[in-house]
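Residue strings, one per chain:
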Amino acid sequence: MSLASLAWRCGATLAAPVLPLWLRLRCRRGKELAGRLAERRGCGIARPPGPLLWLHAASIGETLSLLPVLGALARRAPTLSILLTTGTVTSAALLERRLPPALRPRVIHRFVPLDVPSWVGRFLDGWRPDAAGMVESELWPNLLRAAHARRLPLALINGRLSARSAARWRLAPALGRELMAAFTLILAQSPADAARFAALGARAVSAPGNLKEAAPPLPADPAALAALQAAIGHRPVLLGAQTHPGEEAMLIEAHRQLAGEFPGLLTILAPRHPERGAAIAAEAGGLSACRRSTGALPGPGTELYIADTLGELGILYRLAGVALVGGSLVPHGGQNPLEPARLGCPILLGPHTANFADIVARLLAAGAARLVRPAEAAALAAAIRAVLSNPDHGRNLADAAAVAIASADALPDEVAEALLRLLPASALGDEDRSTPDAH
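Cut-offs and rules
Residues numbered from 1 in each chain as written. Predicted model: local features only at pLDDT ≥ 70, side-chain atom pairs only at ≥ 80, totals over all residues. Heavy atoms only, no water. Helix = DSSP H or I, 4+ residues; strand = E, 2+ residues; numbered from the N terminus. Buried < 20%, exposed > 50% of the residue type's maximum accessible area, 1.4 Å probe, protein only. Contact = heavy atoms within 4.5 Å. Areas by Shrake-Rupley, 256 points an atom, 1.4 Å probe, with all protein chains shown as cover. Lys, Arg positive; Asp, Glu negative; His and termini not counted. Charge placed at Lys NZ, Arg CZ, Asp CG, Glu CD. Salt bridge = Lys/Arg side-chain N within 4 Å of Asp/Glu carboxyl O. Pairing = 2+ DSSP bridges. Axes fitted to C-alpha atoms, helices over the stretch in contact; angles between N-to-C directions. Parallel < 35°, antiparallel > 145°, perpendicular 65-115°, else oblique. Left-handed = near helix turned anticlockwise from the far one by under 90°. Disulfide = S-S within 2.5 Å. Core = buried A, V, L, I, M, F, W, Y, C linked by side-chain atoms within 4.5 Å. Right-handed = clockwise from strand over helix to strand, strands pointing away.

Caption draft 1: The arrangement of the overall build of the chain in detail. Within the chain one finds 19 helices and 14 strands. Taking the principal axes of its C-alpha atoms as reference, the chain extends roughly 65 × 50 × 45 Å. Buried residues in the chain amount to 56% of all 439 residues. Considering only contacts within the chain whose residues lie at least 6 apart along the sequence, 71% involve residues at least 24 apart. For the chain, the accessible area works out to roughly 17,800 Å², and carbon and sulfur atoms hold 58% of it. The chain carries 45 positive and 35 negative side-chain charges, and their two centres are separated by 6 Å.

Caption draft 2: View of the pattern of salt bridges. As enumerated under the stated definition, the model contains 20 salt bridges in all. K212 is the salt-bridge partner of E136, the closest N and O atoms lying 2.9 Å from each other. Pair noted here: E136 is in the loop between β4 (131–135) and α6 (141–149) and K212 is in the loop between β7 (205–206) and α10 (222–232), with a separation of 76 residues, a long-range link. With respect to burial, E136 and K212 carry one shared label: buried. With its nearest N and O atoms 2.8 Å apart, the salt bridge here joins R291 to D308. A residue pair is termed long-range when its members are at least 10 positions apart, and R291 in strand β10 (residues 289–291) and D308 in the loop between β11 (304–306) and α13 (313–319) qualify at 17 residues. Three or more residues joined by partner-sharing salt bridges are found here, namely R75, R76, D413 and E417.

Caption draft 3: Structural context of the sheet that holds strand β12 (residues 322–325). Spatial strand order, β10-β11-β9-β8-β12-β13-β14: seven strands in an open sheet with parallel pairing. Only two strands of the sheet have a single partner each, and these edge strands are β10 and β14 (370–371). Pairing of strand β8 (residues 237–243) with β12, which is carried by four bridges, proceeds in the parallel orientation. Looking at β12, one finds that A241 is bridged to V325. Contacting β8, β9 (266–271), β11 and β12, helix α11 (residues 247–258) crosses the sheet at an angle of about 170 degrees to β8.

Caption draft 4: Up close: the sheet that holds strand β3 (residues 107–111). The strand order β3-β2-β1-β4-β5-β6-β7 describes an open sheet built from seven strands, whose pairing is parallel. Whereas interior strands pair on both sides, the edge strands pair on one side only; in this sheet they are β3 and β7. Inspection of the sheet shows β4 paired to strand β5 (residues 154–159) by four bridges, in the parallel sense. Following the sheet pairing, M134 is matched in β5 by L156. Strands β2 (81–86) and β3 of the sheet are contacted by helix α4 (residues 89–98), whose axis makes an angle of about 165 degrees with β3.

Caption draft 5: Spatial organisation of the packing of helix α3 (residues 60–76) against α4. Close contact between α3 and α4 brings their axes to 9 Å; oriented N to C, the two are set at 25 degrees. For the element pair α3 / α4, the angle class is roughly parallel. Pair α3 / α4 crosses with right-handed handedness. Where α3 approaches α4, its residues I60, T63, L64 and L67 are matched on the opposing element by T90, S91, L94, L95 and R98.

Caption draft 6: Representation of the state of the cysteines. Applying the stated criterion to the full structure yields zero disulfides. Free of any disulfide, C43 has its nearest neighbouring cysteine sulfur in C27, separated by 16 Å. With a relative accessible area of 25%, C43 lands in the partly exposed category. As a non-bridged cysteine, C290 has C345 as the owner of its nearest cysteine sulfur, 20 Å distant.

Caption draft 7: Looking closely at the environment of A224. Within the secondary structure, A224 is located in helix α10. Considered as a pair, A224 and R97 are 127 residues apart in the sequence and their alpha carbons are 15 Å apart. Excluding its chain neighbours within four sequence positions, the residues that come into contact with A224 are R292, E312 and I315.

Caption draft 8: Layout of the side chain of R235. Relative to the helices and strands, R235 is located in the loop between α10 and β8. Despite its burial, R235 remains without a salt bridge, the nearest opposite charge being carried by E303 at 7.4 Å. Leaving out residues up to four positions away in the same chain, R235 has contacts with G264, L265, L266, G299, P300, T302 and E303.

Caption draft 9: Just the nonpolar core, in detail. Core analysis: the largest hydrophobic core is formed by 41 residues, its most contacted members being L55, L70, L73, L80, V415 and L419. Listed by contribution, the elements that provide at least two residues to this core are β1 (52–57), α3, β2, α4, β4, β5, β6 (185–188) and α18 (411–422). Beyond its immediate sequence surroundings of up to four residues, L73 is in contact with L53, L55, L80, I82, R106, A416, L419 and L420.

Caption draft 10: Expanded view of the pairing of β1. Among the six residues of β1, six are classified as buried, and the element is accordingly described as predominantly covered. Alternating residues of β1 divide into L52, W54 and H56 and L53, L55 and A57, and every residue in both groups is buried. For β1 and β2, the ladder comprises six bridges, and the chain directions are parallel. For W54, the partnering residue across the bridge sits in β2 and is L83. In this fold, β1 hands off to α3, which returns the chain to β2; that crossover is right-handed. Summarising the sheet, β1 and β4 pair through four bridges and their orientation is parallel. The residue bridging H56 from the neighbouring strand is M134, located in β4.

Structure representation (structure tokens):
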């Protein structure tokens, strides 16, 4: 065990007595569910009979990227049950809404235990998964070490390791090698990610592609879409999608600069974390604002509409004349630009897009998105003006995006097959092995 790993293990063990208090504080802020706090300590075990595959997705984006893989697994292995853990309340709520009815009997959701040795040990000993897959960049030292000690076949799915993160890992090379040794297989998003994982000490690394490119277009409830469209009418619409603190202020200032040029301009702010809706409304500074979480629709005089709800981006992208993809005007790394691209919504991006670097480079090279630089209100207003004042420009951006985003329809099946190969031969029955399109 490396010194860094030992320090983390000791620190987590010493922190364990106060972590329940921290969880209760998070519960008060809406970050945890009161009735499910025990799951964060590795409790709530209800292992079904038969083969069990454990998949872990940290938050919303990772969870959504797994949905096509869940379907592919279910088709290939009829007796397989799937334990899906997540780390956020919003991802759990979205899973409840988006998981197809046919998969519900096969998929068990739990919140992942915090990285305390005894808690992850309780979780693994109780659930006894036959194999497991972590999504993107979930590298928790105690959890990975415990899985490795139990000889649990483990894959990193849709693995992502930015240059910045790789540089940080180089400060603790022994810990990096130890964590990489836990993985039987790493399926990276891109060749660059694969190279960084290999440099960290990973074996069996490949780069089949990004699962987020295989996701279907975001859905939209027809009645809700029609109601919001009727309320908006023919007004020009600017959308700030999945925004983070600091970005709303820039969008509000851009609205002020543009309101005189575009009569009736409606700016919709959809924060990444909907619980921030009230705080964002307080930033309106005299502009007429209302919040979707209260059931309100924008009236003729509404200038800011705060969409502080979950799972409605499919509606908002379909109605917007232009959208700023959040997390990109502030140093967060950017949210998913593929979502507006699939729905024909013209895209604006700030300079901070490391989370989707390859995809953003492809969009910009194809003229399928506009880059807002510097990351300030004046530059943002100029980019919005260029799209809203020229409908042909907006259509050209959307058309170019549709061409630029690669089709990855086969990728979920490839990932599912790779995961099933991790399962011991004795875990799957004859029915699974005889499935026509199984591995």
